[in-house]
Amino acid sequence: MTIRRPLDGMLVLDLGQIYNGPYCGLQLAFMGARVLKIEPPEGDVVRRRKREVEPYPLVMLNSNKESVVLDFKQPRGKELFLALVEQADVLIENFAAGVMDRLGLGYEVLSKLNPRLVYGGSSGFGLDGPYRDLAAMDVTIQAMSGITNATGDADGPPTKAGAAVCDFLAGIHLCAGILGALVQRERTGKGQRVEVAMHEAGAISIASALGAVMDGDKNVPDRTGNRHPALAMAPYNTYRCSDGYVAIFTSAERHWVSMCEMLGREDWLANPELATTPGRAKNMAMIDDMVGAWTITKTKDEVLALLNTARVPCAPVKTAREVAYDPHLEARGFWVDVDHPRRGKTRVPISPIRLHTGGKSEIKRPAPTLGQHTDAVLGELLGLNADELTRLRSDEVTVPVTERKKK
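The rules behind each value
Residues numbered from 1 in each chain as written. Predicted model: local features only at pLDDT ≥ 70, side-chain atom pairs only at ≥ 80, totals over all residues. Heavy atoms only, no water. Pairing = 2+ DSSP bridges. Helix = DSSP H or I, 4+ residues; strand = E, 2+ residues; numbered from the N terminus. Axes fitted to C-alpha atoms, helices over the stretch in contact; angles between N-to-C directions. Contact = heavy atoms within 4.5 Å. Core = buried A, V, L, I, M, F, W, Y, C linked by side-chain atoms within 4.5 Å. Buried < 20%, exposed > 50% of the residue type's maximum accessible area, 1.4 Å probe, protein only. Arc of directions from axis to C-beta. Patch = residues over 30% accessible without salt bridge, like charges linked within 9 Å, V, L, I, M, F, W, Y side chains within 5 Å. Areas by Shrake-Rupley, 256 points an atom, 1.4 Å probe, with all protein chains shown as cover. Salt bridge = Lys/Arg side-chain N within 4 Å of Asp/Glu carboxyl O. Phe/Tyr/Trp six-rings, centres within 6.5 Å; stacked < 30°, edge-to-face > 60°.

A. Seen up close, the sheet that holds strand β1 (residues 11-14). Read from one edge to the other, the open sheet built from six strands follows the order β3-β2-β1-β4-β5-β6, with strand pairing classed as parallel. Edge positions in the sheet fall to β3 (65-69) and β6 (193-197), since each has one partner strand and no second. Direction aside, neighbouring strands of the sheet carry axes that sit 20° apart on average. The pairing of β1 with strand β2 (residues 34-39) spans four bridges and is classified as parallel. When the sheet's bridge partners are listed, Val-12 is paired in β2 with Val-35. Contacting β1, β2, β3, β4 (90-93) and β5 (118-123), helix α1 (residues 20-30) crosses the sheet at an angle of about 150° to β4. Here helix α8 (residues 165-188) sits on the sheet and contacts β4, β5 and β6; the angle it forms with β5, its principal contact strand, is near 160°.

Here it is in structure tokens:
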């Protein structure tokens, strides 16, 4: 077999649900792995949000995968799964800690069956510790990892981030861990367990606030709105324009000098109170007022053009609709139109990971409908004939809930 992409020829069993596990599986699929999305008869939790058509997040996160329905509550369903495990290179799951063990399908069982298996698991808080058995979703992990407390206005309540940051942070950490384990397997011949806790992946992201705590700063603020988390830089905020908002950030002395020169405000440069980063931080409110008085007279595009010319970090605050049709993402080929069997023409993203010598990311098949590839996969990989596949369906081992006949 010709290896064109890094994971060509590898088989991944993706038991992932919602965003965390499926995002990991998506990246492995873009790198060439054959990814089987193993689903219970009722389907992925996200799939259940709509019965008449696949919800967009599911379509977005499951390109290049094949859907196989197996009922783990039935002995025959477990037998089929274990037979697939024997052939697999990687398994992905993001169930609560202990769920796979209770099913009799935990790492100890699977690794004895297939010592080369790389078992990637991501739970809320990890496999040990006092929080191990706490229920975990992105919103609760944001709360526990400090993200919620760090988000929102200074005089407002803690606010969750609008994005599912912990799910996706954990998913990409899990992908990195699996790739590392595959490299080690090439050297040792042995697979291993890879563990990622969403809690730990989220805690890393409040680096600025943690830095202030670790440095011994007193009165570290909980929330700073759109200002710097440690209130250590200015200007660093979002500023109103005539048609929306822009984010401006002067992280280096040259940014401040360049912005003042571009605005013709030599008086700002001459002000000794604003001559240093700590000095500007102490006068944050005054600087925000001065910068805001300028941006309100301009459009977002005008501010962007002027500050970009001055090499000052600046960006328009974009809506989800603007992101979906962003000209830069269009030019980069990030969005691809696919023909989904139930949704029709649908725009989905390719992988942000661009391997310039590892084959271009492409979508060879849209996200599957529930159980779309069950018979084909079980026939090809396990050698089941038509009669055996029919018997499985009669026993409802491989039949989606939506297709089951009322008894």
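B. Representation of the nonpolar core within the structure. Within the largest apolar cluster, 28 residues are counted, with the highest numbers of intra-cluster contacts made by Leu-28, Val-90, Ile-92 and Ile-178. Only α1, β4, α8, β6 and α9 (198-203) provide two or more residues apiece to this core. What Ile-178 contacts, discounting residues up to four positions off in sequence, is Cys-24, Leu-28, Val-90, Ile-92, Val-118, Gly-120 and Val-194. In terms of nonpolar packing, the next biggest core, distinct from the first, is built from 27 residues, Met-100, Tyr-107, Leu-378 and Leu-384 among them.

C. Quick peek at helix α18 (residues 374-382). Burial in α18 covers these residues: Thr-374, Val-377, Leu-378 and Leu-381. On an axial view of α18, the arc spanned by its buried residues comes to 95°, and they lie on one face. α18 presents Ala-376 and Glu-380 as exposed residues on the side facing more than 90 degrees away from its buried surface. Taken together, the buried residues of α18 touch β1, β2, β3, α3 (75-87) and α19 (386-394). Gly-383 sits one or two residues past α18 and shows a positive phi near 70°.

D. Broad picture of a nonpolar patch on the surface. On the surface, Tyr-131, Leu-134 and Met-144 cluster together into a nonpolar patch covering about 270 Å² of accessible area. Assignment of secondary structure puts Tyr-131 in the loop between β5 and α6 (138-144).

E. Here's a closer look at the packing of aromatic side chains. Counting across every chain of the model gives eight aromatic pairs. For the ring pair Tyr-23 and Phe-168, a centre distance of 5.0 Å and an interplane angle of 70° mean the geometry is edge-to-face. A residue pair is termed long-range when its members are at least 10 positions apart, and Tyr-23 in helix α1 and Phe-168 in helix α8 qualify at 145 residues. Taken together, the aromatic side chains of Tyr-19, Tyr-23 and Phe-168 make up a single cluster linked through ring pairs.

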